[in-house]
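Descriptive analysis of the structure
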Amino acid sequence: MTSIKPRDGILNITPYKAGDAKIEGFDTVIKLASNESPLGPSPAAVEAAKNAIDAGLHLYPDPTCTALRQAIGETYDLNPEQIICSNGSEELLHLLAKAYATDGDEVIYCQYGFIAYPITIHAVGATPIMVQEDNYTANVDAILTAVTAKTKIVNLANPNNPTGTYLVKTEVQRLRDGLRDDILLVLDAAYAEYVDQADYDAGLDMVNNGLNNTIVTRTFSKIYGLAGMRVGWAYGPASILDILHRIRGTFNVSAPSQAAAIAAVRDQSHVEKAKAHNLKWLPRLSEALSTLGLTVTPSQGNFILAHFPLGAEQAQAADAFLRSKGIIVRPVGNYDLSGALRITVGKDEENEKFLTALKAFMT
Ligand SMILES: *Cc1c(COP(=O)(O)O)cnc(C)c1O
């Protein structure tokens, strides 16, 4: 008997495990596990999605997301012709791997880099090359050293999830300068809107400067609070966008999702609120966790990677204790960080309850 077989590489994928949303025995939980926005989306985005539903779900959406690209272009001062929209930015990561890597090629990502990268690389049969980090931060020299004749793509999340660390603009430029011109640099800037550092740049300027081998991916899932709508976008050279348009799903962004994203990107006051809330809580949570004896990796995202003094067993016990109180944070053993937990910044009262529970566990 013969059975059908998937292409090589696919069985090497460890299926992605999303953060839990429920705990048995609890009607409501405090979910600090998936870097969702505690403020939710702009009310204007919700209204727009409802209107789009009322307007008729039997109609196909705009396949080119023209109005959405226009709105993004105006808000971020970008050429809409160089913007492509997608079903979450994860779709773009898959499309880029599919377009530019295949069997026998190598694709680089960082040691604690976003777990989606090895999935997209295996999916196309290419070989993931994991590069060591330095103090939970991407190391440009190590990345450049890992490049071989087979290297096709370098994936860099900046800031990175789950560490929250970032590379300064000059380091990203040094990375690009050190890579061969025929290597695609994918800058995944899912958390860019949260960053409050003058030396940070998401990479949009690199694209504006005419590089034809660098693309920046962005998302509406994080600060815009629209993870459930699945909208991502990328800013890149026309030559790469032309390739991605050929292979993407024709109607990859639903009509309600396009409408919600347009309203969301036009409501920058909501984005500022979300950023201010995050900037208020990052230092508070970091200080409180440090006081309890944990080591906190400095974060530019809406989450904190906290390392337990006694390592993996303690982290696991803390996770179980928090769950017994109805609080879900994110274990990161799948990143080989089993001595740590990743905690998303929640609402005021959620953060307070989390800190109270963790204090009870640690003392
Ligand atoms: C959350 C996240 C994304 C965004 O995923 P979507 O598919 O847009 O929801 C991309 N990259 C990183 C590093 C993330 O943490």
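Residues numbered from 1 in each chain as written. Predicted model: local features only at pLDDT ≥ 70, side-chain atom pairs only at ≥ 80, totals over all residues. Heavy atoms only, no water.

**Remarks on the overall build of the protein chain**
Our working definition: Runs of E in the DSSP output that reach at least two residues are strands. Runs of H or I that reach at least four are helices, and both are numbered from the N terminus. To get the radius of gyration, use the C-alpha atoms; to get the globule rule, take the number of residues to the power 0.38 and multiply by 2.2 Å. Exposure classes here rest on a 1.4 Å probe applied to the protein chains alone. A residue is buried below 20% of its type maximum, exposed above 50%, and partly exposed in between. Here the accessible surface of atoms and residues is derived via Shrake-Rupley with a 1.4 Å probe, and residues count as covered only by protein chains that are part of the display. In this tally Asp and Glu are treated as negative and Lys and Arg as positive; neither His nor the chain ends contributes. Charge coordinates come from a single atom per side chain, which is NZ of Lys, CZ of Arg, CG of Asp or CD of Glu.
Secondary structure assignment for the protein chain yields twelve helices and 13 strands. In terms of overall size, the protein chain behaves like a compact globule, its C-alpha atoms giving a radius of gyration of 21 Å where 363 residues would be expected to give roughly 21 Å. C-alpha extents for the protein chain along the principal axes are approximately 60 × 55 × 50 Å. Buried residues in the protein chain amount to 54% of all 363 residues. For the protein chain, the exposed area adds up to about 16,300 Å²; of that, 52% sits on carbon and sulfur atoms. Between the mean site of the 31 positive side-chain charges and the mean site of the 40 negative ones, the protein chain shows a separation of 4 Å.

**Things to note about the sheet that holds strand E7 (residues 214-219)**
The test is simple: Strand pairing is assigned whenever DSSP identifies at least 2 bridges connecting the two strands. Axes here mean lines fitted to C-alpha atoms, for a helix over just the part in contact, with angles spanning 0 to 180 degrees between N-to-C directions. Any two residues having at least one pair of non-hydrogen atoms within 4.5 Å are treated as being in contact.
Strand order across the open sheet formed by seven strands is E2-E8-E7-E6-E5-E3-E4, with mixed pairing between neighbours. The sheet terminates laterally at strand E2 (83-86) and strand E4 (127-131), the two strands that pair on one side only. Taken over all neighbouring pairs, the strand axes of this sheet differ in orientation by 20 degrees on average, direction set aside. The pairing of strand E3 (residues 106-110) with E4 spans five bridges and is classified as parallel. Paired with Val 107 across the strands is Pro 128, a residue of E4. Taken strand by strand, helix H2 (residues 66-76) contacts E2, E7 and strand E8 (232-235), and its axis lies near 125 degrees from that of E2.

**Describing unusual backbone geometry**
Cis geometry marks the peptide bond from Asn 158 to Pro 159, where omega comes out at -5 degrees. The linkage connecting Asn 161 with the following residue, Pro 162, adopts the cis geometry, with an omega of 15 degrees. Checked against the element boundaries, Pro 162 lands in the loop between strand E5 (151-157) and helix H6 (169-178). A positive phi angle is found at Cys 65, which is not glycine, with a value near 50 degrees. As for its placement among the helices and strands, Cys 65 is situated in the loop between helix H1 (43-55) and H2. Positive phi values are uncommon outside glycine, yet Arg 230 reaches one of about 60 degrees. Examined against the element boundaries, Arg 230 turns out to sit in the loop between E7 and E8.

**Brief notes about the site of the ligand**
Threshold: Nearness is judged by heavy atoms alone; a residue qualifies as near a molecule or strand once a single heavy atom is within 4 Å of it. Counted as a polar contact is a pair of N or O atoms within 3.5 Å, where, for protein atoms, one must be capable of donating a hydrogen and the other of accepting one, and residues adjacent in sequence contribute only when both atoms are in side chains. Residues are grouped as follows: Ala, Val, Leu, Ile, Met, Phe, Trp, Tyr, Cys and Pro are nonpolar; Asp, Glu, Lys and Arg are charged; every other residue, Gly included, is polar.
All residues in the neighbourhood of the ligand are listed as Gly 88, Ser 89, Glu 90, Phe 114, Asn 161, Asp 188, Ala 190, Tyr 191, Thr 219, Ser 221, Lys 222 and Arg 230. Residue Asn 161 places a side-chain N or O atom 2.8 Å away from an oxygen atom belonging to the ligand. Relative to its free-state accessible area of 390 Å², the ligand is covered by the protein chains to the extent of 92%. Residues of the shell around the ligand, tallied by class, amount to three nonpolar, five polar and four charged.

**Observations regarding empty space enclosed by the protein**
Put simply, the test is: Any residue with an atom within 4 Å of a point lines the site, the site being either a cavity, points on a 1 Å grid over the protein atoms alone where a 1.4 Å probe fits but cannot get out, or a pocket, an open set with protein on both sides within 12 Å along at least 5 of 7 lines. Grid points are joined across faces, edges and corners, and a volume is the space filled by probe spheres set on the points.
In this structure the tally under the stated criterion is four cavities of 30 Å³ or more. As a volume, the largest cavity reaches approximately 80 Å³. Every residue lining the largest cavity is counted, 15 residues in all, and those nearest its centre are Glu 133, Ala 138, Leu 156, Ala 157 and Asn 160. At three residues, E5 tops the list of elements feeding residues into the lining of the largest cavity. Of the residues that constitute the lining of the largest cavity, the class distribution is eight nonpolar, six polar and one charged.

Spatial relationships are all this shows, so hold off on functional conclusions.
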